[in-house]
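Fold and geometry: a report
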Amino acid sequence: MTNKTPAATNLTHFDSSGQAHMVDVGSKADTHRIAVASGCIRMKAETLALIQSGTAKKGDVLGIARIAAIMATKRTSDLIPLCHPLALTRVTVDFSIDEANASVTCNTQAETVGKTGVEMEALTAVQIGLLTIYDMCKAVDRGMVITDVRVMEKHGGKSGDWVAD
């Protein structure tokens, strides 16, 4: 016997019996889809200075984090069990430094022309970009904090456009 909660019936990754399944997108139209995501990593001011100067022991922290984030978008469906594999048409990853708050913000944009959105790819890029910064700098700052990871906007598909408050 399966316990079916009311919330489970409204979630697309559960069938009418409450069992997890991959959503059928076969009948959906291909549309241009875009998702933008963002997140932040806070650190000691000294750690940020190492990143900015390019003298971190492991090399160009932001350059390597950018490549890691882009690579991560291509592996999203390998990491998230019910996520569809997508043919991405564009991925951008940008980092901005906030010296006053000793932090780096990662902003990503993922695009495709397809039947399902790219929110998970944009979020995965942010997380892996920030985790790469952590990995490259953990020898000098284990107290870094990754925070505020979220979708900022999405465009395309049946549900149309959405922008965060």
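Predicted, not measured: the structure shown is a model, and the values here were computed from it. (Residues numbered from 1 in each chain as written. Predicted model: local features only at pLDDT ≥ 70, side-chain atom pairs only at ≥ 80, totals over all residues. Heavy atoms only, no water.)

**Some details on the environment of Ala122**
- With respect to the secondary-structure elements, Ala122 resides in helix α5 (residues 119-137).
- The exposure class of Ala122 is buried, given its relative accessible area of 1%.
- Residues Ala122 and Lys154 lie 32 residues apart in sequence; the distance between their C-alpha atoms is 9.9 Å.
- With residues near it in sequence (within four places) discarded, Ala122 still touches Ala35, Val36, Ala37, Thr108 and Ala110. (Helix = DSSP H or I, 4+ residues; strand = E, 2+ residues; numbered from the N terminus. Buried < 20%, exposed > 50% of the residue type's maximum accessible area, 1.4 Å probe, protein only. Contact = heavy atoms within 4.5 Å.)

**As for unusual backbone geometry**
- Non-glycine residue Ala102 carries a positive phi angle of around 45°.
- On the secondary structure map, Ala102 appears in the loop between β2 (88-98) and β3 (103-114).
- Overall, Ala102 belongs to the buried group, its relative accessible area being 10%.
- Positive phi, normally seen in glycine, also occurs at Asp148, with a value near 55°.
- Structurally, Asp148 can be placed in strand β4 (residues 145-155).

**Section: the environment of Val126**
- Mapped onto the elements, Val126 comes out in helix α5.
- Considering only alpha carbons, one finds Val126 and Ala72, 54 residues apart in sequence, at a separation of 9.0 Å.
- With residues near it in sequence (within four places) discarded, Val126 still touches Ala37, Ser38, Gly39, Cys106, Thr108 and Val149.

**Let's talk about the packing of helix α3 (residues 61-74) against α5**
- For the pair α3 and α5, the least separation of the axes is 7 Å and the interaxial angle reads 145°. For α3 against α5, the interelement crossing comes out right-handed. When α3 is examined against α5, the residues Val61, Leu62, Ile64, Ala65, Ala68, Ala69, Ala72 and Thr73 are found in contact with a partner set consisting of Glu121, Thr124, Ala125, Ile128, Gly129, Thr132, Ile133, Met136 and Cys137.
- Here the residues of the contact of α3 with α5 are counted per class, giving twelve nonpolar, four polar and one charged. (Axes fitted to C-alpha atoms, helices over the stretch in contact; angles between N-to-C directions. Left-handed = near helix turned anticlockwise from the far one by under 90°. Nonpolar A, V, L, I, M, F, W, Y, C, P; charged D, E, K, R; others polar.)

**Some thoughts on the sheet that holds β4**
- What the five strands build is an open sheet, ordered β2-β3-β1-β4-β5; its pairing is antiparallel. The sheet terminates laterally at β2 and β5 (162-163), the two strands that pair on one side only.
- In this structure, strand β1 (residues 31-42) lies alongside β4, joined through eight bridges in antiparallel fashion. In the strand pairing of β4, Ile41 is matched with Ile146. (Pairing = 2+ DSSP bridges.)

**Describing the environment of Lys154**
- Note that Lys154 resides in strand β4.
- Residue Lys154 is classed as buried on the basis of its relative accessible area, which comes to 9%.
- In sequence terms Lys154 and Glu119 are 35 residues apart; their C-alpha atoms lie 7.1 Å from each other.
- Residues in contact with Lys154, not counting those within four places in the same chain, are Ile34, Ala35, Glu119, Ser159, Gly160, Asp161 and Trp162.
- Engagement of the side chain of Lys154 in a polar contact is seen with the backbone oxygen of Gly160, the distance being 2.6 Å. (Polar contact = N/O pair within 3.5 Å; in protein donor to acceptor, adjacent residues only side chain to side chain.)

**Details of the nonpolar core**
- Ranked by size, the top nonpolar core spans 28 residues in total, and within it Ile41, Met43, Ile51, Val61, Phe95, Val104 and Ile133 carry the most contacts.
- Those elements that place two or more of their residues in this core are β1, α2 (45-53), α3, β2, β3 and α5.
- Considering each element in turn, this core owes the most residues, eight residues, to α5.
- When sequence neighbours within four positions are dropped, the list of residues in contact with Phe95 reads Leu62, Ala65, Arg66, Val104, Thr105, Cys106 and Ile133. (Core = buried A, V, L, I, M, F, W, Y, C linked by side-chain atoms within 4.5 Å.)

**A closer look at the confidence of the model for the chain**
- Taken as a whole, the chain shows an average pLDDT of 88; of its residues, 84% reach a score of 70 or greater.
- Across residues 1-9, where pLDDT falls below 50, the model places seven contacts with residues more than four positions away in sequence or in other chains. (pLDDT = per-residue confidence, 0-100.)

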